[in-house]
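# Fold and contact review
Here is how the chains run, residue by residue.
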Amino acid sequence: MGLQACLLGLFALILSGKCSYSPEPDQRRTLPPGWVSLGRADPEEELSLTFALRQQNVERLSELVQAVSDPSSPQYGKYLTLENVADLVRPSPLTLRTVQKWLLAAGARKCHSVITQDFLTCWLSIRQAELLLPGAEFHHYVGGPTETHVVRSPHPYQLPQALAPHVDFVGGLHRFPPTSSLRQRPEPQVTGTVGLHLGVTPSVIRKRYNLTSQDVGSGTSNNSQACAQFLEQYFHDSDLAQFMRLFGGNFAHQASVARVVGQQGRGRAGIEASLDVQYLMSAGANISTWVYSSPGRHEGQEPFLQWLMLLSNESALPHVHTVSYGDDEDSLSSAYIQRVNTELMKAAARGLTLLFASGDSGAGCWSVSGRHQFRPTFPASSPYVTTVGGTSFQEPFLITNEIVDYISGGGFSNVFPRPSYQEEAVTKFLSSSPHLPPSSYFNASGRAYPDVAALSDGYWVVSNRVPIPWVSGTSASTPVFGGILSLINEHRILSGRPPLGFLNPRLYQQHGAGLFDVTRGCHESCLDEEVEGQGFCSGPGWDPVTGWGTPNFPALLKTLLNP
C-alpha cells in the first residue's frame, strides 16, 4: 500500500506541474537552418527518451583521470575498467529508486539501462511523454541533406522539483542531429607543371608525416581504433576496397571494417562517412577498425548521446576514437554540456584516446548584446578530449611545410576553465602573440583548443565508387591523427606498455615534442571593422589555431613510446 501511495503521489506531482523546475532553461530551441516542422505528433505514437541520472563521485573521477594520464604520477597508465568506473559513478540507490518509480507511474516501458546505470532509455506514447514532461509538445521535423526525420519539442519541459537531485536532463527533446561542415574546395590554380601531387592521398600523408611502408599494424596485437559517425550517412565496403586499390598499394592495409556498431543503411554513401573510414584505415594502416554508425536510430534519439551510452555499456573498446562532431557551446544547455563532459571524463579514466575535430569555422562568430564575440564549439572545448585542428601545404601541389588552414577551428571555451595541464603553454601564447584579437572577443581564462593538427585541405575520397577530389575540413585531419596514434599504440602494446589513453597532460608536459610546429597563418572569424575576419594566428609553440602542430611520426613515436 505504501508503494502504491508513493506512486500515486509522484503521478499527482507530474500532473499538477506544481513545484516543478526546468533542467535545461538555457538550451537553444530555435529550428536549425534547413529543418521544417511537419506538425504535431500523434498522441498514440511511440517515443524513446533518454534520462540522464545524477552520478556520484564526479570529483573523485576527475582526480583519477589526472592520476592515470600524467606521466609523472605513479598511477600513470593504470586505467580503470568499466566496472571500476561503474562502482564510482553509479547513481545512488535513492536516485535509481525515485526515477524508476516516477517512470513506472507514468507508464514508461521497455526501459534499458547501461552498465554504469547512469542512463535510462524508455519508451512512452507521445501523450504519456507530454504528461510526464509538462511544457513539452512533440512535433515531427524533417531536414538536413538526407531529409532526416526526427521528433522534437519546440517548447521547454519541466520536471517535478522532487527529481532535481536525481535527473540531469532528458535527451530527445530539443537537440537536432548535426550537419556536416565538410567542403569541396575549388582546385588551386598554379602555373607550370611543378606539382608533385594533385591532392592529398594516403601516400602524400605518409610522405609528409614520415611514415614508411613498414609503419603499419602488425596484425598480431589486440590493438584497434574506431571512428564515430552521427550524420545520416553510410560508408560502403566497396568504396573502401576501391580506395585502397587506388591509393593503398604501397603499404599493408585492411580492406574491410572489422566491426560496425549500430545500423549501416543501404542508402548512398556519404562523403564524410567515407572520408573518416578511408583515412583512419590508411593512416592507422593494418589496424583493426570499428565504425560507430547512427543511422537506423529512432526519431526521438540523439545520435551523439547514443554513442556515449554505447561507451558506457561495453567493457572492451578500441583504444583510439575519432569523432567529427560539434555544436556551438552557446546552443547547448549547461546541464547537457557538464554531463557530456563527465562522460568524456569516464572514457579518459578508462584509457581511451578521444580525438575531436576542432570545427571548420575558424574562431567562429556570434553577436552578444549587439557586440561580436568568437564562438567556441563543444566537445572540441572539453578539457578531456584531444582536439585536432587543420593545416594546408604552403605550396598546394608540393609536399612542403604546412601553414594554417583558415577554416581550422580554435579558441577559448566560455564554459570550461583552463585546465592545469595547459596553463604554461596558453599563458606563454597570450603574453607573446603579436596578433592577439581584442580581449572582448574571447574568454582568455577558458580551456584553449585545439591541441594538435594535421592536413585538412584537398583530400581525395571515394564515395559511391567515384573518386572525389579537394575535400576539406577538420573531419579529414582528425582520423589521420587518430590513425598515427594507433600506430604508436601498436608499438606500446607489443612492448608490454598500456595504450596512450588521454593524451593532453603528456602532450603539454613534453611541449609538443615529436610534432612539426606550424608558425604561419591565421584562421577566420568575425567580418567586422575591428578584427576584419581574422581570428587567432599561429606562432612558435602552442597556439589556438594548430595546437602544438602536426605529426612527425618517427619523432612522435620516440617521444610517446616510453614509459
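Residues numbered from 1 in each chain as written. Predicted model: local features only at pLDDT ≥ 70, side-chain atom pairs only at ≥ 80, totals over all residues. Heavy atoms only, no water.

Filter applied, for reference: UniProt positions are given in the numbering used here, feature names are shortened, and annotations may be inferred rather than shown by experiment.
Going by the annotation in UniProt, the name recorded for the chain is Tripeptidyl-peptidase 1, with Pan troglodytes given as the source organism. Per its UniProt entry, the chain bears the Function comment "Lysosomal serine protease with tripeptidyl-peptidase I activity. May act as a non-specific lysosomal peptidase which generates tripeptides from the breakdown products produced by lysosomal proteinases. Requires substrates with an unsubstituted N-terminus (By similarity)." Its UniProt record, at the heading Subunit, says of the chain: "Monomer. Interacts with CLN5. Interacts with CLN3 (By similarity)."

### Brief notes about the packing of helix 2 (residues 58-69) against helix 10 (residues 334-349)
The description of two packed helices rests on the angle between their axes and on the distance between the axes. This is how it is decided: Axis lines are fitted to C-alpha atoms, over the contacting stretch for helices. Their N-to-C directions set the angle, which ranges from 0 to 180 degrees. Helix and strand labels come from DSSP, where a helix needs a run of H or I of at least four residues and a strand needs a run of E of at least two; each type is numbered from the N terminus. What sets the label is the angle itself: under 35 degrees gives roughly parallel, over 145 gives roughly antiparallel, 65 to 115 gives roughly perpendicular, and the rest give oblique. Crossing chirality is assigned from the near helix's rotation relative to the far helix, an anticlockwise turn below a right angle marking it left-handed and a clockwise turn marking it right-handed. It only takes one pair of heavy atoms within 4.5 Å for two residues to be counted as in contact.
Two elements in contact, helix 2 and helix 10, have axes whose closest approach is 9 Å; the angle formed by their N-to-C orientations is 40°. When the interaxial angle is binned, helix 2 and helix 10 end up oblique. Judged by the twist between their axes, the crossing of helix 2 over helix 10 is left-handed. Judged by residue contacts, V58, L61, S62, V65 and V68 of helix 2 engage T342, M345, K346, A348 and A349 from helix 10.

### Brief notes about the sheet that holds strand 7 (residues 148-152)
Note the following rule: Pairing between two strands requires that DSSP report at least two bridges joining them.
Sheet architecture is open: three strands sit in the order 2-6-7, paired in antiparallel fashion. With one partner strand each, in any of the chains shown, strand 2 (35-40) and strand 7 form the two edges of the open sheet. If you compare each strand with its neighbour and ignore which way they point, the axes differ by 25° on average. Across five bridges, the pairing between strand 2 and strand 6 (residues 139-143) is antiparallel. Within strand 6, the residue paired with R40 across the bridge is H139.

### Examining helix 2
Here is the rule: By this rule, a helix spans an expected 1.5 Å times one less than how many residues it contains. Relative accessibility thresholds used throughout: buried, under 20% of the residue-type maximum; exposed, over 50%; partly exposed, between the two (1.4 Å probe, protein chains only).
Between its terminal C-alpha atoms helix 2 stretches 17 Å, which fits the 16 Å expected from twelve residues at 1.5 Å a residue. Those residues of helix 2 lying buried are L61, L64, V65, A67, V68 and S69. Considering only its buried residues, helix 2 is in contact with helix 3 (82-89), helix 10 and helix 13 (504-509).

### Regarding the domain arrangement of the chain
The figure often quoted for interface size is the accessible area lost as the parts come together. Convention followed: Bear in mind that the domain bounds are from an automatic or database domain assignment. Defined here as a combined quantity, buried area equals the accessible surface (1.4 Å probe) lost by two parts on assembly, summed across both. Salt bridges are identified by distance alone: a Lys or Arg side-chain nitrogen within 4 Å of an Asp or Glu carboxyl oxygen. Polar contact is defined as a pair of N or O atoms within 3.5 Å, subject to the rule that within protein one atom must be able to donate a hydrogen and the other to accept it, and that residues adjacent in sequence are counted only when both atoms are side-chain atoms. Residue polarity follows a fixed list, in which Ala, Val, Leu, Ile, Met, Phe, Trp, Tyr, Cys and Pro are nonpolar, Asp, Glu, Lys and Arg are charged, and the others, Gly among them, are polar.
For the chain, the assigned domains are domain 1 (20-55 + 90-171) and domain 2 (202-361 + 370-516 + 537-559). Between the C-alpha centres of domain 1 and domain 2 there is a distance of 30 Å. Counting residues at the interface gives 31 residues for domain 1, matched by 27 residues for domain 2. Roughly 2,400 Å² is buried in total at the junction of domain 1 and domain 2, and carbon and sulfur atoms are behind 52% of that figure. Of all residues in domain 1, the largest losses of buried area upon contact with domain 2 belong to R28, F119 and F169, amounting jointly to 22% of the total for that side. For the pair domain 1 and domain 2, the number of links is four salt bridges. The tally of links from domain 1 across to domain 2 stands at 13 residue pairs in polar contact (both at pLDDT 80 or more). Counting residues per element, the side of domain 1 that touches domain 2 draws most heavily on strand 3 (residues 46-53), at six residues. Looking at the side of domain 1 that touches domain 2, its residues break down into eleven nonpolar, twelve polar and eight charged.

### So, the nonpolar core
How we decide: Nonpolar cores were defined as sets of buried Ala, Val, Leu, Ile, Met, Phe, Trp, Tyr and Cys residues, with membership established by side-chain atoms within 4.5 Å.
Counting 139 residues, the largest nonpolar core has L49, F51, L133, F138, W307 and Y459 as its most contacted members. Residue contributions to this core peak at eight residues, all from helix 10. Both domains that meet at this core, namely domain 1 (20-55 + 90-171) and domain 2 (202-361 + 370-516 + 537-559), each give it at least three residues. The contacts of Y459, once residues within four sequence positions are left out, are V200, I205, L275, Y279, I468, P469, W470, V471, A476, S477 and V480.

### Description of unusual backbone geometry
Negative phi values dominate among residues other than glycine, just as trans dominates among peptide bonds. Residues Y449 and P450 are joined by a peptide bond in cis, for which omega reads 5°. The topology assignment puts P450 in the loop between strand 23 (446-449) and strand 24 (452-455). Of note, the amide linkage connecting N562 to P563 takes the cis form, showing an omega dihedral of -5°. If you check the backbone angles, E532 has positive phi at about 55° while not being a glycine. Relative to the helices and strands, E532 is located in the loop between strand 28 (522-524) and strand 29 (534-537). Owing to a relative accessible area of 63%, E532 belongs among the exposed residues under this scheme.

### Comments concerning the UniProt feature "disulfide bond" in the chain
Under the convention used in this document: In what follows, a disulfide is any cysteine sulfur pair within 2.5 Å.
Between C111 and C122 the annotated UniProt disulfide holds up in this structure, with the two sulfurs at 2.0 Å. You can see C111 sitting in strand 4 (residues 109-113) and its partner C122 sitting in strand 5 (residues 119-125), a full eleven residues away along the chain. Note on C122: relative accessible area 0%, which makes it buried. A sulfur-sulfur distance of 2.0 Å is found for the UniProt-listed cysteine pair C522 and C537, consistent with formation of the disulfide (criterion: under 2.5 Å). Of this pair, C522 sits in strand 28 while C537 sits in strand 29, placing them 15 residues apart in sequence. Among the residues examined, C522 registers a relative accessible area of 26% and is labelled partly exposed.

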